[in-house]
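# Chain and residue survey
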Amino acid sequence: MTSPLRQLSALISSSVDVIEREFASQGLSYPSLDDFFDPTSHAEVFARVPVVAEAARLIVAAGGQLSALVHPPGLYVIERGITSFDAAALNVVVVKGIVELLREAGPKGLHVDHIAAKTRMDSAKLARVLRLLASNHIFRETSPDVFANNRLSSALDTGKSHTAHQASPMLRHEGASGLAALVEVQTGEGLKSSGWISDFMTSSSTATSHDIVNIPFNKGVGTELTIWQWWETPGNEYLKARFNKAMEAYTSQEQPEAILNGFVWGGLEPGSKVVDVAGGLGTVASVVATAHSGLRFVVEDRPSVIEHSKKFWKAHLPKANVEFEVFDLFGEQPVKDADVYILRNILHDWPEWHSVQMLRSLRNAAQPATKLVIMEHVVVYACEDTTEARAIPGAEGMVAGAPEPLLPNFGVAAHFSYLSDLLMMALLNGEERTLASFAQLLRKAGWKICEVHSVPGSVFKQIVAQPV
Ligand SMILES: C[S@@+](CC[C@H](N)C(=O)[O-])C[C@H]1O[C@@H](n2cnc3c(N)ncnc32)[C@H](O)[C@@H]1O
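Residues numbered from 1 in each chain as written. Predicted model: local features only at pLDDT ≥ 70, side-chain atom pairs only at ≥ 80, totals over all residues. Heavy atoms only, no water.

On to the packing of helix H1 (residues 4-25) against helix H3 (residues 50-70), then. The N-to-C vectors of H1 and H3 enclose an angle of 155°; their axes lie 9 Å apart at closest approach. Taken as axis vectors, H1 and H3 run roughly antiparallel relative to one another. Taken as a pair, H1 and H3 cross one another with a handedness that is left-handed. Here Pro 4, Leu 5, Leu 8, Leu 11, Ile 12, Ser 15, Val 16, Val 18, Ile 19, Glu 22 and Phe 23 of H1 lie close against H3, whose contacting residues are Val 51, Val 52, Ala 55, Ala 56, Leu 58, Ile 59, Ala 62, Gly 63, Gln 65, Leu 66, Leu 69 and Val 70. Here the contact of H1 with H3 is built from residues that sort into 19 nonpolar, three polar and one charged. (Axes fitted to C-alpha atoms, helices over the stretch in contact; angles between N-to-C directions. Helix = DSSP H or I, 4+ residues; strand = E, 2+ residues; numbered from the N terminus. Parallel < 35°, antiparallel > 145°, perpendicular 65-115°, else oblique. Left-handed = near helix turned anticlockwise from the far one by under 90°. Contact = heavy atoms within 4.5 Å. Nonpolar A, V, L, I, M, F, W, Y, C, P; charged D, E, K, R; others polar.)

If you want it as structure tokens, here you go:
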């Protein structure tokens, strides 16, 4: 019998063989942690092709399980208990523009005294924050108290000079990938709210709440408003702009063909109408519009967001056939002749009652042939899926199915969906759902799932539903 230790190391070893063989076939080397991150470089692009990404997923899953296996159990659990400090440290770095400052310093980096003087912080405290991150491979400590960017820290680079980054928070994320904006949201509102999850879940007055206020966000940030209302409050303009930018990060992390490869957009007749419901800037529709210029598009969102959306399309796709609609998710759906409604990252923002209301509103406006394409994380059970959802066409690539001895859901390689789930609970009393709970939710609102797609290179699954 091969021990689990040996099985996990064999999985890592065979996956490394795959990656090295694929890279060698291109005359490339896998990017080093010491490189600076350039998402357009041949090696970074190749690191995301499906065969390499799948081998990388196995390595992350097996590496995480191996680490859990060999850690002293007591140490493992107490380390998990204080990981919120990783997020707190990251917040310091993104808010103070340290990645930008270190980019200007070059590969040798900067002494922490210099970083602290430039960012008006205490040098000794800052060294502790940077060392914690460097120990997680974000930054390098090149010699005692000297820190430099590396592949992971430079993924947070907004591309601005440090002076510009600090001078104008409103412009800080303009033209950037949105990753730093997303980390600011996660480690700002997200981290503050996360500390209240336990109270929310255990107090008798909120334990079974389906409300959208009096949730962890309200305690963490100190407001009685929902997060949407709070972002609209005068004085919170930067926080709202930062959130909108953070949503772009999801698109920048995706391979464009991920959106294009699931639902068959090419199967729509020319002139078909695609509605990006609560589309934010309309980034999903913009990817489809780039590949299928014969389709018509509508982007719907709240008034202030629609203004940003118009500017985004004018800058990126000035010739697209697109209209903009101000609408309310819970009011009447204004577009009644849609061929496709897209809902990306929307249902997870709301508890069940609200989700059913918005799905019913779409159902009432839908034609018999209208399709609903939902793009969201699908939470996978940490064991074999024995629910009826297994039988949905396409579900086999979506439910747990990792090779032994890995956890069936790929363990830490699927970590982001479980973390996002709790972030949704903290900020919105929302949730990331399993395929079975999506099926149940849609059924309540008059929709039936007809197919699901799991596209390599995307964290989002696509759930296609039709009216019943
Ligand atoms: C998480 S973002 C997703 C945006 C977009 N679908 C994407 O994936 O990039 C949620 C969107 O819902 C919009 N929203 C929230 N409440 C709304 C409401 N009551 N009516 C219309 N839109 C709303 C927000 O303005 C925001 O753009």
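Now that the structure is up, let's keep going.
Two side chains with opposite charge may pair up if their charged atoms get near one another. Following the criterion strictly, the structure yields 19 salt bridges and no others. With a closest N to O distance of 2.7 Å, Arg 151 and Glu 44 form a salt bridge. Residue Arg 151 is located in the loop between strand S3 (146-148) and helix H9 (162-167), and its partner Glu 44 is located in helix H2 (residues 42-46); the two are separated by 107 residues in the primary sequence. With respect to class, Arg 151 is no different from Glu 44; both count as buried. The salt bridge partner of Glu 388 is Arg 443, with a shortest N-O separation of 3.6 Å. (Salt bridge = Lys/Arg side-chain N within 4 Å of Asp/Glu carboxyl O. Buried < 20%, exposed > 50% of the residue type's maximum accessible area, 1.4 Å probe, protein only.)

With mixed pairing, seven strands are arranged side by side in an open sheet as S6-S5-S4-S7-S8-S12-S11. Lying at the two open borders of the sheet, with one neighbouring strand each, are strand S6 (322-326) and strand S11 (447-454). Neighbour to neighbour, the strand axes of the sheet diverge by 20° on average, direction disregarded. By the bridge criterion, seven bridges tie S11 to strand S12 (residues 461-467) in an arrangement that is antiparallel. Opposite Val 452, over in S12, you have Ile 463 as the bridge partner. (Pairing = 2+ DSSP bridges.)

Lining the immediate environment of the ligand, one finds 18 residues, of which Ala 278, Asp 301, Arg 302, Leu 329 and Arg 344 sit closest. Ala 278 places a main-chain nitrogen or oxygen 3.0 Å from a nitrogen atom of the ligand. Computed on the free molecule, the ligand has an accessible area of 590 Å², of which 95% lies beneath the protein chains in the complex. Here the residues of the shell around the ligand are counted per class, giving nine nonpolar, four polar and five charged. Taken together, domain 3 (179-251) and domain 4 (254-467) each give at least three residues to the shell around the ligand, which thus spans both. (Near = heavy atom within 4 Å. Polar contact = N/O pair within 3.5 Å; in protein donor to acceptor, adjacent residues only side chain to side chain. Areas by Shrake-Rupley, 256 points an atom, 1.4 Å probe, with all protein chains shown as cover. Domains from an automatic or database assignment.)

Let's shift gears to the UniProt feature "domain: O-methyltransferase dimerisation" (unreviewed entry) in the chain. Within this numbering scheme, the UniProt entry marks residues 88-156 as carrying the feature "domain: O-methyltransferase dimerisation" (unreviewed entry). Structurally, residues 88-156 comprises 54% helix and 13% strand, and the distance from its first C-alpha atom to its last is 15 Å. (UniProt positions renumbered as here; feature names shortened; annotations may be inferred.)

Let us look at the domain arrangement of the chain. Its domain assignment divides the chain into domain 1 (4-77), domain 2 (87-165), domain 3 (179-251) and domain 4 (254-467). Centre-to-centre separation of domain 3 and domain 4, based on C-alpha positions: 22 Å. Across the boundary between the two partners, domain 3 contributes 24 residues, which contact 22 residues of domain 4. When the two sides are added together, the surface that domain 3 and domain 4 hide from each other amounts to roughly 2200 Å², 64% of it contributed by carbon and sulfur. If you look at where domain 3 meets domain 4, you find one salt bridge. Counting the contacts that link domain 3 with domain 4 gives six residue pairs in polar contact (both at pLDDT 80 or more). Of all the secondary structure elements, the ones that give two or more residues to the side of domain 3 that touches domain 4 are helix H11 (179-194), helix H12 (197-202), helix H13 (216-221), helix H14 (227-232) and helix H15 (237-253). The leading source of residues in the side of domain 3 that touches domain 4 is H15, at six residues. (Buried area = accessible area lost by both parts, 1.4 Å probe.)

All right, on to unusual backbone geometry then. Phi is mostly negative for residues that are not glycine, and the peptide bonds are mostly trans. The step from Glu 404 to Pro 405 runs through a cis peptide bond, and the omega angle for that step is 0°. In this fold, Pro 405 is placed in the loop between strand S9 (378-379) and helix H20 (415-428). For Asn 429, which is not glycine, the phi dihedral falls at a positive 55°. Within the element layout of this structure, Asn 429 appears in the loop between H20 and strand S10 (433-434).

Here we come to H3. Note: α-helices contain 3.6 residues per turn, so residues at a spacing of three or four share the same orientation. If you check H3, its first and last C-alpha atoms are 30 Å apart, about what 21 residues at 1.5 Å a residue would give, namely 30 Å. For H3, the full list of buried residues reads Val 52, Ala 55, Leu 58, Ala 61, Ala 62 and Gly 64. (Expected span 1.5 Å × (residues − 1).)

What follows concerns the side chain of Asn 345. Topologically, Asn 345 is positioned in the loop between strand S7 (340-344) and helix H19 (352-365). Other than its neighbours up to four places away in sequence, Asn 345 contacts Tyr 250, Met 375, Glu 376 and Phe 460.

Quick look at the pairing of strand S5 (residues 296-301) now. Among the six residues that make up S5, five are buried, leaving the element largely enclosed by the rest of the structure. Taken together, the four bridges between strand S4 (residues 273-276) and S5 define a ladder with parallel strand orientation. Within S5, the residue paired with Val 274 across the bridge is Phe 297. Taken together, S4, helix H17 (residues 283-291) and S5 constitute a β-α-β crossover, and its handedness is right-handed. Taken together, S5, helix H18 (residues 303-316) and S6 form a β-α-β motif whose crossover is right-handed. (Right-handed = clockwise from strand over helix to strand, strands pointing away.)

Taken together, three strands build an open sheet; the order of strands is S1-S3-S2 and the sheet is antiparallel. Unpaired on one side and paired on the other, strand S1 (110-111) and strand S2 (140-143) mark the two borders of the sheet. As paired elements, S2 and S3 share three bridges and run antiparallel to each other. Across the sheet, Glu 141 pairs through a bridge with Phe 147, a residue of S3. Packed onto the sheet, helix H8 (residues 123-135) meets S2 and S3 and runs at close to 50° relative to S3.

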